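# Remarks on the overall topology
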Number of protein chains: 2
Amino acid sequence: MKKLRLMRKTDKADESVVFFDVDDTLLDTSTFAETARKAAIELMVDNGLPLDKDEAYYLLKDIIKEKGSNYDRHFNVLTKTVLGKEDPMLVALGMITYHNVKFALLRPFPKTDDTLIYLKSQGYRLAVISNGLTIKQWEKLVRLNIYPFFDEVITSEEVGFSKPSPKIYQEALRRMKGDPDKCVMIGNKFKEDALGAVNAGMSAILVNSNVTEREKIRIKKEKLDIKIIEDIGQVNRVL
Amino acid sequence: MKKLRLMRKTDKADESVVFFDVDDTLLDTSTFAETARKAAIELMVDNGLPLDKDEAYYLLKDIIKEKGSNYDRHFNVLTKTVLGKEDPMLVALGMITYHNVKFALLRPFPKTDDTLIYLKSQGYRLAVISNGLTIKQWEKLVRLNIYPFFDEVITSEEVGFSKPSPKIYQEALRRMKGDPDKCVMIGNKFKEDALGAVNAGMSAILVNSNVTEREKIRIKKEKLDIKIIEDIGQVNRVL
């Protein structure tokens, strides 16, 4: 595979930056969130939430879909929906179980650390661009102990615009003093991560993506500067 | 020591309830909070907060005193005070360290479980009255796995009045269908827990208290229905 057109960092004035998405790019968010939710539901039902476990799990998933994953009162809404009013004991049980399981499972993808070390050894500066909450995203980097690799975490919460808006990419470039021609975005979502970055003048690399055949054709036809690799462990093939 | 005038539960219509405060009554909140704060400060200073550790610790204590312990952005204010703006990485480091240490240390006082089992064996119904946040207090009971002992957690957050206001005691009695003459409050604070309960017509037991000589004289002089014992392990001497 051809190496991208990024340049190595040669001195402090260098304007190359590798930007990363967090969830499902650096770490396997979806799998651990599902396991954690199931564990929480199990304990809530065992302690009196009057639904069967599957019903309760799908109801919770609906609530998360409706309220968004950054909302922090999913379990409150769940008990209120089922019981007519919030049950703080069940909410506490759900939240604690969810958090305990989530943090027990939280791991970077295999090769995440190797890849971050490789990129630093190549002289790149690293930052995060995420549609999440700033402190929550730092929290994941801290818990995984990969935070020292990253200079900045730029989030939709702070900027006021979400990926794929060019505005969040422009703000990230400004904060990192990056030249878009020398910067790349690595993420798992075609629209948010790859198209968004390309529209801001950067290159993009898709990892763990469910990119469709139609999207692949579009990349080829429009000559979009987007590379598709399996996972973060293959970044060294293209950078 | 003379037993209090409470009655054993004989059937479901019984109106005896033993109410508990949580922090520094059932569990040693003050000690673990201090240790957790110091650990958080240490990591924040090691990662760039430009203060020495003692300065930073006392600044954090001032902020907690000013904002109250139920405020959830102490570390945000700390970094903003020191740096002129919030540093989300340091906030995340501080919060995670604080929570990890706190939950690692969270333990009931010795004999808390024995005492709760004893009280249930005597037929008492148990509940909590706390000046805290409802979910946070349930969270502590859940983490300590003593939540099955308690029928209700009544908090100032829900009721809108804090101990020692008689209103929070009256609401607790109403919710538990308790007869004040047959109910007792167990807590560590003379004013909030003991005087508050007595003013609502209940008995009170002080544990782990820093009750002063003046307060002891007042109890005697005004014949207040307040017993003073060392800790929760001695509850079976008076109930």
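None of the values given here were measured: they were computed from a predicted structure. (Residues numbered from 1 in each chain as written. Chains lettered and ligands numbered in written order. Predicted model: local features only at pLDDT ≥ 70, side-chain atom pairs only at ≥ 80, totals over all residues. Heavy atoms only, no water.)

Let us look at the packing of aromatic side chains. A complete count under the given rule lists 6 aromatic pairs over all chains for this structure. Taken together, a centroid distance of 5.3 Å and an interplanar angle of 75 degrees make the contact between Tyr57 of chain A and Tyr58 of chain A edge-to-face. For Tyr57 of chain A, a relative accessible area of 5% puts it in the buried group. Sitting above the plane of the Tyr57 of chain B ring, Lys38 of chain B keeps its charged end 5.1 Å from the centroid. (Phe/Tyr/Trp six-rings, centres within 6.5 Å; stacked < 30°, edge-to-face > 60°. Buried < 20%, exposed > 50% of the residue type's maximum accessible area, 1.4 Å probe, protein only. Lys NZ or Arg CZ within 6 Å of the ring centre and 35° of its normal.)

Glycine aside, residues mostly have negative phi, and peptide bonds are mostly found in the trans state. Residue and element names in this part refer to chain A. Cis rather than trans, the peptide bond between Lys163 and Pro164 has omega equal to 10 degrees. Looking at where Pro164 falls in the secondary structure, it is placed in the loop between helix H7 (156-159) and helix H8 (166-176). Its identity as a non-glycine residue notwithstanding, Asp24 has a phi of 65 degrees, on the positive side. Here Asp24 lies in the loop between strand S1 (17-20) and helix H1 (29-46). You can call Asp24 buried: its relative accessible area is 17%. (Helix = DSSP H or I, 4+ residues; strand = E, 2+ residues; numbered from the N terminus.)

The next thing to look at is the side chain of Gln137 of chain B. Residues and elements named next belong to chain B. Looking at the secondary structure, you find Gln137 in helix H6 (residues 134-143). For Gln137, a relative accessible area of 2% corresponds to the buried category. Separated by 3.3 Å, the side chains of Gln137 and Asp23 make a polar contact. For Gln137, the contacting residues outside a window of four places in its chain are Val22, Asp23, Ser130, Gly132, Val153 and Thr155. (Polar contact = N/O pair within 3.5 Å; in protein donor to acceptor, adjacent residues only side chain to side chain. Contact = heavy atoms within 4.5 Å.)

With that settled, the discussion passes to the relation of the copies chain A and chain B. When chain A is fitted to chain B, the residual RMSD is 0.0 Å, and the transformation amounts to a turn of 180 degrees plus an axial shift of 0.0 Å. Taken together, these values place the two copies in the relation of a two-fold axis. Across chain A, the rotation axis passes nearest the C-alpha of Asn100 of chain A, at a separation of 5.3 Å. (Least-squares fit on C-alpha atoms with pLDDT ≥ 70 in both.)

A few words now on the interface of chain A and chain B. Residue-level contacts link 17 residues of chain A with 17 residues of chain B. Of the roughly 1600 Å² buried where chain A meets chain B, counting both sides, 79% is carbon and sulfur surface. The largest contributions to the chain A side of the interface with chain B come from Met89, Ile96 and Ile135 of chain A, which together make up 32% of the buried area. Counting the contacts that link chain A with chain B gives 0 salt bridges. The tally of links from chain A across to chain B stands at 4 residue pairs in polar contact (both at pLDDT 80 or more). Listing elements by their share of the side of chain A that touches chain B, those giving two or more residues are helix H4 (88-105) and helix H6 (134-143) of chain A. (Buried area = accessible area lost by both parts, 1.4 Å probe. Salt bridge = Lys/Arg side-chain N within 4 Å of Asp/Glu carboxyl O.)

A few words on the domain arrangement of chain A. All names here are of chain A. Per the domain assignment, the segments making up chain A are domain 1 (17-27 + 108-237) and domain 2 (30-105). Between the C-alpha centres of domain 1 and domain 2 there is a distance of 30 Å. Contacts between the two partners involve 7 residues from domain 1 and, on the opposite side, 4 residues from domain 2. With both chains or domains summed, domain 1 and domain 2 bury close to 480 Å², and 53% of this area falls on carbon and sulfur atoms. Contact with domain 2 buries surface across domain 1, with Asp24, Leu133 and Arg143 losing the most and accounting together for 59% of the total. The interface formed by domain 1 and domain 2 includes 0 salt bridges. Taken together, the connections running from domain 1 to domain 2 amount to 1 residue pair in polar contact (both at pLDDT 80 or more). For the side of domain 1 that touches domain 2, the class distribution of residues is 2 nonpolar, 2 polar and 3 charged. (Domains from an automatic or database assignment. Nonpolar A, V, L, I, M, F, W, Y, C, P; charged D, E, K, R; others polar.)

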